Every structure is written in structure tokens, then in C-alpha cells.
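Chain residues, written in single-letter form:
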Amino acid sequence: MDAAHGSSVVTSIANFVFPNDFHVHWSMMIVLYPYITGLVDGAFIIAALYYLFDVKSLKPVARFSLLFALAFLFCATLPLLLHLGRPERNLNMLLTPSPSSAMAGFGYIYAVSMGVLIFIVLFVYRPDLVELRATSKGRLQMLYRVMTFDSVDLSEDAMALDRKIIRFLVGIGIPIAVVLHGYVGFIFGGVKANPTWSTPLMPVIFLFSACVSGISAVILAYIVIRKIKGRSIDHGCIKTCVNTLILFFILAFTFEMLEVFSHSYLKSGYHHMVEGLLNGPLANSFWLWQVKICSVIPLLTLGVMGLIKINKSLYNFLAAVVSAILLLQVLIMRWNVVIGGQLMSKSARGYTQFHPEWFDKEGILAVMAVMALPFIILFVMGKIFPFWHKESQTNVKET
Amino acid sequence: MGLTYRRRLLIVLISIVVLSAGGLLIKRLLLPKSFGVYGPYRADAIAEAALVPIRHGTNASCLKCHPYEAKIHKKGRHQAISCEFCHGTFADHVTDGKKSGTLPVKKEKEITTLCLRCHNTEIKARHEEVIKTVAMPDHLKNQNVKLTNNCNQCHHVHAPLKYINRAKQITGMMEAGL
Amino acid sequence: MKRRSFIKQVLNGSIAGSLYLVWPMSANSLDVPEQIPGIRGKEYDSLNREFAFIVDITRCIGCGSCCVADKREYDVPEGNYRTWVERYVKGFSDTIYVDSPHGGLDGYQTPRSDIKEKVRDTFFVPKLCNMCKEAPCVQVCPVGATFKSPDGFVLVDEKRCVGCSYCIQACPYSVRFLHPKKKVADKCTWCYQRVRKGLLPACVQVCPTHARKFGSMKDETSEVYQILKGPGVLTVLRKEMGTYPALYYKGARREVI
């Protein structure tokens, strides 16, 4: 832009914020929304690797990751409803979706992905559900009857059909998951008025970091739950998960850095605003937390885990720690993109500030409640759908 | 029930299709009236936007009932100034053709503040060809008046040069071109 | 419903309380001369109407009358602005200092005191909705609550808006805000209701220096038509955004964003 030409690049920023730009409209709930759908996507990838691509070693976590994805998908709309100015009108999204808007597809994409995921879970769990139906009573039995389509047929023929259906559903589930999350990235990438958002890399970055967060979450949850229950941990499974995580994290981190690099190398558009943002208001949360602490450290650790032979218990411990850090990395990355991006005024001359509230409907307490809910749902679902395979309890002990 | 597993699944599939079709039907039924006439929006919203009540009238609406002010205002250098900017909106004063409220009249220092919104030279962005500006209190000093004077003690607010020109006429300064 | 039949139904009065194609002359406030010729007493065919807004920066004195009028006309909530006036100060080192305290509502009574260098130039820039022909806000609205009417006004349907704020993110000019009480998107409408009554937008009407000009582009005698037809250089804000605004600036320096 003309205003930023020549040597006056830095000095031309005199901290002017457009009068309507002081308020950050998309706050923590919009940070949470892509975070939650990202967890769904990543967990689904693990399940897809097992059910569609026959990565056998992932068997111990395959079912769990499906349930994990479902629990979070149930809560994906919650932050959006809390964010909307008029939440009671949310069905307008389904009734009159504007064909030109990237956001309008949300209701339909969400509904389809929810349907597909529910049916995948039902078919995957059918043998267990049939068994549980026989041993349960009253209302719970009624529930199991509905969930097994009131059929107890576990013949080889029926099971073969189930496997086909699962493969088909997971097969269409992958593009749906990619669309569900890629489109979230595109919602940001499609805002040309915001120089940090408007890049075609945005959906790609969102997708890969989604996979990172989801896989990390599954690894961490698997290790923690198994430890708490005093059960053994399948090392082969963790290793496959970590290797997948390495792949996705390298991709995610590369693209995240590529975006920053292209801004400063191309010096196009309002790059001085983006640079000023990353080196100014976001200096800590971006360079220190997102890049140095939460990306470089895990990257080095994952490198060690991938290349050097270390004993199993240390490996598992490191896997859990790296997963926790990466979960934080993705959350911080979402924060830096969503809230960070809005700190730049469209005046291209100044930055506003964001102060999180505690008791607001989009405040810190609400964030904690929204993040706790999927775990409560997961706990309840665990009562209906057993997380782990029975045989895995005995199998794993020997390895 | 003696249905085979495949049959049951078929029923499930059919119910999904039926439910989706039902959903689309409901979507059609719940579509707001006049939606999509000109594009993917409610055409009636245009009419609603056109029916929003207006609050500002024009100078003509004010001067209809204030002939005395009209006479002065229309002749003076301030003829382009909107009555409602200094006095308040028409809607706060008149409802259904009847007086419904009293508009506050600016007094003393308020007047000077109001005048300097436009006529302050210190704000170096006001070109002489657009507006005559003065610096305070230099202007008061140059005119040899008290520094506590308000603008309206010399300038009629509706026709700022009314008294000045009159005074110049009387003293013969006008003819002398001063 | 087809467009033709819709208009017919409106004309026949079968759509109650709907689009008034012919404006009824009320005995009240509208008993004043028309400010935009050719609107009253005629069929308002919105498909055949086009308007333009021109802001002449060389005439703006930063009095803030427009901001005051706008706030009064719409009771704009504190901290939000449908229109505002910015003050640009260009230092001798080419540094640009911009400010807009309270959106210019209180006018500019004092010069900036925090500028340490010699000042080369000072000017005011009024801002309002650009009424883009390719409006990003209309594109992104997921529910069709923000739309561009056939006569070129970008309007908000308060009854459909869900308050997602996507349009606020998408507007390159930051003219939109979420109404704190109504919880729906709100913005400058170029006083659509006034235009439909043949009156000028409130800010245009109160502008003492005629820095804000508004008129019909279908009327060859209108001032805006004459200016836009003429050879004078007019610019739009943030041309690189590809929004094609119907709001033009006369005398806008390149520093104006």
C-alpha cells in the first residue's frame, strides 16, 4: 500500500485504530470452535487409518478415537451459539443459507458429518451393542435395541456387510471431515480485508494443525485413561500414533512458518501490519509460545523419539508430554490467528487490544465449561459404548 | 419380527432419505415471505428500510414556522448551515405536525465552542476559500473587545456579518472599502 | 415468487404493508421541497435507480456536524460509528498521524499536541459506508441478512441477522458494528428511508461546506453525475480490495486508507 512505501514503513504507523475496530468481535468462542472441530478431525483420522487403510497397530485406539470425535462433535456448535448475537435465530443458517457465503454451508456440513459419525460408531460397536442388549434391562435395553436397529444378527454375512458399510462410511467421512475443518480455515482465509487471514494457505494450515491436535488428544487421552485405570499401554499403537503425529506436525509447522515467511518476503499488501503484529502485540504468544516453546521443543522431542531407540516407558512418557504441548500449540495457534488477526485495525495503522472477561457468555468460565462438556459426554458414552476392546486387555500385557 | 438384517438396514436408509426430504420440505415451508424476489434475501426488508421514521427534516421544515429566523438566516453567510445541527432534530420538536418538545438554545460559552468547531484557525486544515477562520484570543484582541466576549456579542449567529456590515454602513467604512 | 408478480402484487396492494413504490405524501414533515429531484410522486422502480456519494476532502473542515446528525438520526450507541471524521496530519518526514477522537463527534477544537515535528499538511477525511458494488459483507453473510438492494444500497435485514459478525470482519472499511442492544449488524445506509422520500442523507444535509454530496446517477443534471462524468480525478478507498464502491473521494491523498 502506498502509505507504507519506502523508509516510512515503520514511522507511518502512528497507532490509529478505526473507531469501530476497538472491539474484538470474534473472541474466545471462535478460538474454541476451530479447536473443537480440529480435535474431531484429528481423532477421526486415527480411526480412518485403522478402518479404511488397515493400519492394524491402531486397533486399541480406533474405537476410542471415534467416540472421542463424536463427543467433541456434539459440542462443536456450542461455542457458536454462545457467540451469536441472536442465537435463537441459529436455524436461519439452515433455512436461508446464502449461496455466496462460505459460512452458510456450516449447518449442512455439520449435520452430515454428525450423521456419518454416529452411524460409523453404531456399526463399529454393533457386536458389543448386541451383546450388551442381551445383558441389559428396561430403558437401557430399549436404547440398545434402537442402536442395533433391533437386530441381533451377528452372522459372518452380517459382519461382512458391516465391515463394508464401515469402510464406505469412513471413506465418505474423510472428505466430509476435511470439508468440515478445511472450510473453517477458509472462513478466515476468505476474509480479504484481513491481511493475516486472507491466504489460501489458511485452510491447509487449519487442516494439518487439526490433525495434530486430534492425534495428540487421542494419544494423551489413551495414555492417561489407561494409566488411571491401571491398564497396560500398547506400545506399537502409540508408536504408530506418534509417527503419524510427526508427519502431520511437520506439515502443519512448515505451512505455519511458510505463511509468515511469505508475508515478510513478498512484502505484499499490508505486510508491515502483519510483521508489526507478530513482533508487537503477539510477540510473546506467537514467537515465544507458539513457535519456540510449543513447536520447536516438540519437534526436537519427536525427532529424538522417531530416530533414536529409547525404552518403552520413557517413550510413552515423552509421547504424553509432547501430545500435551502440541494440544497447547494448536490452541495458541488458533488464538493467534483468530484473536491476533483482529488486533490489526483495518486502518493499517494501529492495533487494538483484547481483554478476556471472566463472566461473559464468551468469557473464560464459559470457555472452561464448553471444554469440560465433551469430556462429560465422553464419560457418559463410555457407560454405553465400552472404550476398549476386551481382548486388548490380555493381548497388551505380553508386549 | 422376522426381518433380515439387510432389510432393517434398508429401512434405516429409507428413513434417512425420507427425513432429509422432510427437512428440505420444512425448509421450503419456513422460507420467509418475499425471500428471493431480487436475490437471496427478503425483498420486504427493502420496504422496511424505506419505512424507518426520519428524524431530521430540512431547513425548509424549520423555517416554515419560524419566519423571523427564516428572513435573517436565508440572507446571511450561514444560509447553508442546517438549523438542526445547532438546535436539534425536527423529530424532537414536532410530532404529527404539532409541537411536541422544546429544543435547547445554546448559551454563552457553548456558543463560542460551537462556532469554533468550524472557525478555529488553529486546526490548520481549514482553507480560507472554504471557510473564514480566526484564532482565539487573537481575534478578540485585534478587534479591541473584551477577551471574555462570546462570538454572538458581535456576530448574529444566523447571519454572522449582519451587525458588522450594518455598523460599517453607519460609520461609512463600507464605502471606504475597509 | 417471481419478481414481476411480486411487483404487481405490491402495486395492487395485495402485499400488505409492503414496498411502497409510490411514496404517499404525508401532511407532516414531508411537506417540504424535494432535495433529490424525481423521487416523489413517481413509481420508484428500484431496478432503474442508481445513486452515488462524493466526499470532497478539500472542503471538509472537520466540524463533525455529519457525525452529530448521524448519531441523532439513528441514536447510534456510544462507541459505535456509522460515520466518522478522521484527521490526517502529515509530518515533514512524511510520517502520517491519524486520529479520530470520539469519531469526530465533538469536532476538532484543538490541534494535535503530540506531534514533535514540523507539520506539512493537515486534512480531514469523513468515512461512511462505501456501498460497494461487489460488497464483501453481502458475500459473506450466511443467512442473506445483509444484501444489496436493486437500487444499489447495501442494507441489513434486522429480522434475519443472527449476529455472527462475519460481515464486520469482511468489511475492509470497518463501517460495520454489532448493535449492542439489538445484537444485529448495523451500519450506514446512506439514509435509505430519507432518499426514498426524496430527502438527502442526514449527514449531507447538515454539511456546512458541501463536502458531502449525494445524488442520482440516473439524473444527468445532478451534481454527482456531473462530477463523475467530468474529467476531475476521483478515487475510491482501498481499490485493491476489488469492492467497487459507489462512494467516491475528491482530493483524497494516497495516504488515506
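Since the model is a prediction, treat every value here as computed from it, not as a measurement.

Draft legend 1. Fine view of the overall build of chain B. Helix and strand content of chain B: 8 helices and 2 strands. Taken against the 2.2 N^0.38 rule, which gives 16 Å for 178 residues, the C-alpha radius of gyration of chain B at 33 Å runs more than 25% over that of a compact globule. Summarising its shape, the C-alpha atoms of chain B cover approximately 115 × 40 × 25 Å along the three principal directions. A burial count over chain B gives 25% of its 178 residues as buried.

Draft legend 2. Main features of the overall build of chain C. Scanning chain C from terminus to terminus reveals 7 helices and 11 strands. Among the 257 residues that make up chain C, the fraction classed as buried is 53%. Taking as baseline every contact in chain C between residues at least 6 positions apart, the subset at least 24 positions apart corresponds to 63%.

Draft legend 3. Fine view of the interface of chain B and chain C. Opposite the 44 residues of chain B that make contact, chain C presents 52 residues. Sorting the residues of the side of chain B that touches chain C by element identifies α2 (44-50), α3 (59-63), α5 (83-87) and α6 (108-119) of chain B as the ones contributing at least two each. Looking at the side of chain B that touches chain C, its residues break down into 25 nonpolar, 10 polar and 9 charged.

Draft legend 4. Local environment of the domain arrangement of chain B. Residue and element names in this part refer to chain B. Taken domain by domain, chain B holds domain 1 (54-105) and domain 2 (106-178). Distance between the C-alpha centres of domain 1 and domain 2: 23 Å. Partitioned by chemical class, the residues of the side of domain 1 that touches domain 2 number 3 nonpolar, 3 polar and 3 charged.

Draft legend 5. Looking closely at the nonpolar core. Among the nonpolar cores identified, the biggest contains 223 residues, and Ile46(A), Ala47(A), Phe68(A), Ala69(A), Val218(A) and Ile219(A) are the most heavily contacted of them. Sorting elements by how many residues they give to this core places helix α1 (residues 28-51) of chain A first, with 19 residues. Looking at which domains feed residues into this core, each of domain 1 (54-105) and domain 2 (106-178) of chain B gives three or more. When neighbours within four sequence positions are excluded, Ile46(A) is seen to be in contact with Leu58(A), Val61(A), Ala62(A), Ser65(A), Ile215(A), Val218(A) and Cys241(A).

Draft legend 6. View of the sheet that holds strand β10 (residues 234-235) of chain C. Spatially, 4 strands are ordered β9-β1-β11-β10 (chain C) in an open sheet, and the strand pairing comes out mixed. Each having just a single partner strand, β9 (212-216) and β10 of chain C make up the two edges of the open sheet.

Draft legend 7. Structural context of the confidence of the model for chain C. Residue and element names in this part refer to chain C. For chain C, the average pLDDT comes to 89, and 88% of its residues sit at 70 or higher. Throughout residues 11-29 the model reports pLDDT below 50, and contacts reaching past four residues in sequence, or to other chains, amount to 30 contacts. Interface confidence for the predicted complex, given as ipTM, is 0.90, next to a pTM of 0.91.

Draft legend 8. Highlighting the pairing of strand β11 (residues 247-250) of chain C. Here strand β1 (residues 51-56) of chain C pairs with β11(C) via 4 bridges, running parallel. From the neighbouring strand, Ile54(C) faces β11(C), where its bridge partner is Tyr248(C).

Draft legend 9. Spotlight on helix α2 (residues 65-74) of chain C. Most of α2(C) sits out of view: 8 of its 10 residues are buried. Those residues of α2(C) lying buried are Ser65(C), Cys66(C), Cys67(C), Val68(C), Ala69(C), Asp70(C), Lys71(C) and Glu73(C). Against α5 of chain B together with β2 (84-91), β4 (119-127), α6 (202-206) and β9 of chain C lie the buried residues of α2(C). Taken from the residues just after α2(C), Asp75(C) is the one with a positive phi, measuring 50°.

Draft legend 10. Fine view of unusual backbone geometry. All names here are of chain B. A cis amide bond links Met136 with the next residue in sequence, Pro137, at an omega value of 5°. Mapped onto the fold, Pro137 is located in the loop between α6 and α7 (138-142). Positive phi outside glycine occurs at Asp96, with the angle close to 50°. Note that Asp96 resides in the loop between β1 (94-95) and β2 (98-99). Overall, Asp96 belongs to the exposed group, with 9 C-beta atoms counted inside 10 Å.

Draft legend 11. Structural view of the packing of helix α9 (residues 201-228) of chain A against helix α13 (residues 312-343) of chain A. All names here are of chain A. Interaxial distance between α9 and α13 falls to 8 Å at its minimum, and their mutual angle equals 140°. Our classification of the angle between α9 and α13 gives oblique. Seen along the crossing, α9 lies across α13 with a hand that is left-handed. Counted together, Ser209, Val212, Ser213, Ser216, Ala217, Ile219, Leu220 and Ile223 of α9 and Asn316, Ala319, Ala320, Ser323, Ala324, Leu326, Leu327, Val330 and Met333 of α13 form the full contact between these two elements. Residue composition of the contact of α9 with α13, grouped by class: 12 nonpolar, 5 polar and no charged.

Draft legend 12. Highlighting the sheet that holds β2(C). All names here are of chain C. Taken in spatial order, the 3 strands of this open sheet run β3-β2-β4, and their pairing is antiparallel. Since the sheet does not close on itself, it has two edges, and those belong to β3 (96-99) and β4, each with one partner. Ignoring strand direction, the axes of neighbouring strands in this sheet form an average angle of 20°. Here β2 pairs with β4 via 8 bridges, running antiparallel. Following the sheet pairing, Tyr88 is matched in β4 by Phe123.

Draft legend 13. Structural detail: the environment of Lys183(C). The topology assignment puts Lys183(C) in the loop between β7 (177-178) and β8 (185-186). Along the backbone, Lys183(C) and Ser165(C) are 18 residues apart, and their C-alpha atoms lie at a distance of 9.7 Å. When sequence neighbours within four positions are dropped, the list of residues in contact with Lys183(C) reads Gly85(A), Arg86(A), Gly163(C) and Leu178(C).

About the criteria used
Residues numbered from 1 in each chain as written. Chains lettered and ligands numbered in written order. Predicted model: local features only at pLDDT ≥ 70, side-chain atom pairs only at ≥ 80, totals over all residues. Helix = DSSP H or I, 4+ residues; strand = E, 2+ residues; numbered from the N terminus. Rg over C-alpha atoms; globule rule 2.2 N^0.38 Å. Buried ≥ 20, exposed ≤ 12 C-beta atoms within 10 Å, placed from the backbone. Contact = placed C-beta atoms within 7 Å. Nonpolar A, V, L, I, M, F, W, Y, C, P; charged D, E, K, R; others polar. Domains from an automatic or database assignment. Core = buried A, V, L, I, M, F, W, Y, C linked by C-beta atoms within 7 Å. Pairing = 2+ DSSP bridges. pLDDT = per-residue confidence, 0-100. Axes fitted to C-alpha atoms, helices over the stretch in contact; angles between N-to-C directions. Parallel < 35°, antiparallel > 145°, perpendicular 65-115°, else oblique. Left-handed = near helix turned anticlockwise from the far one by under 90°.

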